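Per-entry structural report
Chain by chain, the residues:
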Amino acid sequence: MWDQVGQALRLSMTKMLSQLASLLPGIVALLTALVISVAFAWALAAILRRSLKRFDFDRRVAHWGFPAMAEWSPASSPTLLLTRAIAWIIVFMGFLIGISAFDGALPSQFVIRLFAYLPDLMTAIVVFVAGSIVARFLARSVLIGAVNMNLQYARLLSVGVKWLVTVLAVTIALERLGIGGGIIRLAFGILFGGIVLALALAVGLGSKELVSRSLERETSKASGSNVKEPVGHL
Amino acid sequence: MELDAIPQPELEQIERIGGADLVIGILGDARSADEGTALTLTREALAELSKPLRAMVVCNNGTHSPAAVAPEVPGDKQSPAIFSCSLPPPAPGETPQHGISNAYRTVFAVGGKLGVRACCLIASRSQTAAPGWIHRLIQPVLDLGFDLVAPCYTRQKMEGLLNRSVLAPLHGALYGQRLQNPMGPDFGLSGKLLQRILVQDSPRRRGAERSLLASIASAAACDGFQVCESQLGVRQQSPTDWDNLSSLLAEILGAAFLEMEGRAAHWQSIRGSQTLPRLGQPEVPSPENPTPVDVKGMLQSFRLGAQNLQDVWGLILPPTSLLELRRLSRLTDDQFRLPDQLWVRIIYDFALAHRLQTISRDHLLRSLTPLYLGWIASYALEMQAAGLTEVDSRIGLLSKAYEDNKSYLVSRWRWPDRFNP
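Residue numbers restart at each chain and count upward from 1, following the sequence in its written direction. Chains carry letters and ligands carry numbers; both start at the beginning, A for chains and 1 for ligands, and go up in the order they are written. Confidence filtering applies because this is a predicted model: local features only for residues at pLDDT of at least 70, side-chain atom pairs given and counted only at 80 or more, and all residues used for totals across whole chains, interfaces and linings.

Examining the overall build of chain A
Stated formally: The helix and strand labels rest on DSSP assignments: H or I over at least four residues marks a helix, E over at least two residues marks a strand, and numbering proceeds from the N terminus. Residues with at least 20 neighbouring C-beta atoms inside 10 Å of their own are called buried, those with 12 or fewer are called exposed, and the rest are partly exposed, where every C-beta is derived from the backbone. Whether two residues are in contact depends on their C-beta atoms, placed from the backbone: they are in contact if these lie within 7 Å.
In terms of regular secondary structure, chain A is built from 7 helices and 0 strands. Ordered by position from N to C terminus, the α and β elements of chain A give α-α-α-α-α-α-α. Counting over 234 residues, chain A shows a buried share of 20%. When contacts within chain A are restricted to residue pairs at least 6 apart in sequence, long-range pairs at least 24 apart make up 66% of them.

Focus on the overall build of chain B
Of regular secondary structure, chain B possesses 17 helices and 10 strands. When each of the 421 residues of chain B is scored for burial, the buried share is 51%.

Focus: the interface of chain B and chain A
Interface extent is often summarised as the accessible area lost during association of the parts. In plain terms, the rule: Residues are grouped as follows: nonpolar covers Ala, Val, Leu, Ile, Met, Phe, Trp, Tyr, Cys and Pro; charged covers Asp, Glu, Lys and Arg; every other residue, Gly included, is treated as polar.
Every contact between the two is made by 30 residues of chain B and, on the other side, 18 residues of chain A. The set of elements that each furnish at least two residues to the side of chain B that touches chain A consists of helix 5 (161-175), helix 8 (245-262), helix 10 (295-308), helix 14 (361-366) and helix 15 (369-382) of chain B. A total of 5 residues in the side of chain B that touches chain A trace back to one element, the largest contributor, which is helix 10 of chain B. The residue inventory of the side of chain B that touches chain A, partitioned by class, reads 13 nonpolar, 15 polar and 2 charged.

Quick word on the sheet that holds strand 4 (residues 118-122) of chain B
Residue and element names in this part refer to chain B. Let me state the cut-off plainly: Should DSSP find at least two bridges between two strands, the strands are taken to pair. Lines fitted to C-alpha atoms define the axes, with helix axes restricted to the stretch in contact, and inter-axis angles between N-to-C directions lie between 0 and 180 degrees.
Strand order across the open sheet formed by 8 strands is 3-2-1-4-7-5-8-10, with mixed pairing between neighbours. With one partner strand each, in any of the chains shown, strand 3 (81-86) and strand 10 (278-279) form the two edges of the open sheet. As defined by bridge partners, strand 1 (residues 22-26) adjoins strand 2 (residues 54-59) across 5 bridges and the pair is classed as parallel. Across the sheet, the residue bridging to G25 is V58, located in strand 2. Sheet strands in contact with helix 3 (residues 96-114) are strand 1, strand 2 and strand 4, and its direction is about 165° off that of strand 1.

Thoughts on the nonpolar core
All names here are of chain B. Where we set the bar: Nonpolar core, as used here: buried Ala, Val, Leu, Ile, Met, Phe, Trp, Tyr and Cys residues forming one set through C-beta atoms within 7 Å.
V23, V57, C119, C120 and L148 are the most contacted members of the largest nonpolar core, which has 150 residues in total. Per-element tally for this core: the top contributor is helix 8, with 11 residues. Beyond its immediate sequence surroundings of up to four residues, V23 is in contact with M56, V58, V107, V110, G111, L114, V116 and C119.

Some words on the environment of L253 of chain B
With respect to the helices, strands and loops of the structure, L253 of chain B is situated in helix 8. Each C-alpha atom of the pair L253 of chain B and I347 of chain B lies 9.7 Å from the other, and the pair is 94 residues apart in sequence.

A short note on the confidence of the model for chain B
Low-pLDDT stretches of the model should not have their predicted coordinates read in fine detail. Residues and elements named next belong to chain B. We count it as follows: For every residue, the predictor assigns a confidence score, pLDDT, that lies between 0 and 100.
Confidence in the prediction of chain B, expressed as mean pLDDT, is 83, and 87% of residues score 70 or more. Low confidence marks residues 63-69, where pLDDT is under 50. Its contacts with residues over four positions away, or in another chain, come to 16 contacts. Predicted confidence for residues 71-75 stays below pLDDT 50, and this span has 2 contacts to residues more than four positions away or in other chains. With pTM at 0.80, the complex prediction returns an ipTM value of 0.84.

Focus on the packing of helix 13 (residues 340-356) of chain B against helix 17 (residues 406-414) of chain B
All names here are of chain B. Threshold: If an angle is under 35 degrees, it is roughly parallel; if it is over 145, roughly antiparallel; if it lies from 65 to 115, roughly perpendicular; otherwise it is oblique. Handedness of a crossing follows from how the near helix is turned relative to the far one, being left-handed for an anticlockwise turn of less than a right angle and right-handed for a clockwise one.
Their axes nearest at 10 Å, the elements helix 13 and helix 17 cross at an angle of 20°. Here helix 17 runs roughly parallel to helix 13, going by the angle between their axes. With respect to the hand of their crossing, helix 13 and helix 17 are arranged in right-handed fashion. Each of R345, Y348 and L352 in helix 13 lies in contact with helix 17, whose residues at this interface are Y408, L409, R412 and W413. Per-class residue counts for the contact of helix 13 with helix 17 are 5 nonpolar, no polar and 2 charged.

Structural data, given as structure tokens:
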């Protein structure tokens with residue numbers, strides 16, 4: 001009986017060792033892919049960091065209307081944020097390549113699905129970035145225009161427009177990624193409606209001042225039409 | 001050449017005429033610049049000149065009708081010959097300044113084609129433009145050899161404020177020539193200067209946005225032409241459209257800053273400024289308008305700007321200026337005074353940011369409106385009891401501040417990142 005037990009143990013040991021041996025090339029391939037991707041990511045990040053510093057990227061990002069980006073960047077530097085993000089993406093890609101080296105259906109399916117998802121991810125990122133740029137540009141236009149029209153609610157209007165466009169961009173991006181589904185649509189409807197209502201109130205209250213001022217001007221023009229405007233610019 | 005704006009029959013007429021001594025553009029608003037008025041003004045002006053001349057009148061009446069040619073008596077060398085043509089109506093959506101700039105281009109093109117000796121541009125409303133204006137703008141060119149005759153108007157103390165606060169002192173500090181109205185809009189030019197401007201303004205060399213209105217005086221100053229001013233008297237001002245003040249600022253200052261950028265190599269080496277000959281007798285101004293200026297509204301705009309536009313101004317102005325503006329916004333109405341040095345540095349910093357395109361140029365120029373209103377309020381409070389002589393000396397001090405701070409501009413222009421106080 002002891003012979004049979006010993007044989008069974010030997011058999012299971014052999015089976016396990018042979019399975020481990022069959023996995024070894026995959027593990028080595030995964031480690032190799034990781035090492036290469038880390039080295040490549042490190043080199044690319046170094047080159048990119050140097051180029052962005054020469055381009056004065058941190059200052060330009062603030063000038064392009066993204067001063068907040070510095071706040072949530074490591075060491076308050078958008079350059080570091082960008083280079084680290086790119087480095088981690090490359091390491092992740094290396095990891096995926098390594099995983100697909102395993103001889104199995106599950107890892108391969110996982111990688112294939114992940115790669116199929118990439119175009120949607122890229123589209124979502126582009127939509128989000130474009131939305132942020134448009135939101136900031138429109139917010140600044142509204143702020144300057146409203147201040148020049150002497151509206152006390154200038155900042156509220158500007159923030160409202162910014163969030164309106166940002167919420168729209170985020171919703172499109174999430175829809176593209178297939179996250180949330182119906183909840184996102186519902187949340188978007190509520191948020192969008194809320195912002196529009198807030199803006200309508202702000203515009204209404206601001207217009208009250210605007211209308212009264214223009215009426216005052218019209219009245220003064222009508223009552224003293226022969227009085228010349230005291231201020232001339234050119 | 002911008003002759004495309006002229007209808008074909010009138011172009012053929014210009015071809016037939018061949019040559020002329022003068023081209024006169026009457027470019028006031030379309031309703032007032034009718035051909036009859038333009039021809040009458042020209043006839044009266046030419047009658048005052050010592051020699052009979054051939055003149056082409058281009059008017060902005062927008063009728064687009066074939067030219068009415070005043071009959072030229074063959075062999076009659078004693079009376080002046082006058083021809084005329086008209087410009088088509090302005091394109092929809094075209095701003096007044098852009099319209100004038102395009103009309104200038106057409107007049108210059110006609111002048112260039114006819115090889116004229118002198119050119120006169122009247123862009124003020126023609127009800128105020130007396131016949132004397134054409135004579136006063138042309139005579140120094142024809143008889144005294146000047147290349148550019150800039151206008152000098154009789155103004156009340158609250159008139160021409162953009163000229164007083166920015167355009168004139170900036171032109172003086174940059175190009176070294178003190179002019180009351182560097183952007184006219186009424187000018188007299190020699191044929192030589194006209195040809196030079198035509199070359200510089202060719203579509204290949206000029207940017208899409210460059211305005212001819214801003215480049216006449218700077219071209220004359222940079223290329224060493226003889227410049228003088230001529231007293232024209234009172235000019236009727238268009239009523240201020242307060243709701244569109246930011247558009248006016250964007251248009252006028254945008255043109256001046258673009259011109260400044262294009263001629264940076266020239267003005268960086270100029271120091272100080274000189275007074276130019278001023279021809280004619282100044283008209284005695286009518287009594288001061290008793291209507292008070294609404295300083296309260298302007299100060300409210302300034303404070304609203306200081307409260308809300310710090311993020312935008314922070315991208316344009318150095319921290320010291322921002323701090324000073326914040327302090328000013330807390331002052332009471334009576335205490336409010338915008339120091340000359342601060343105002344001058346604000347203008348220089350905006351010009352630099354315009355060049356660097358720190359933010360969208362339209363945003364940049366429009367965000368200057370509350371600051372400009374702050375300057376007007378400060379000036380109005382300071383000058384409320386002052387006479388015209390005191391106003392002139394006050395503006396003289398401002399011009400000096402522009403010149404004294406030019407080294408600041410030059411340093412920031414050359415090293416925008418390194419020199420940032």
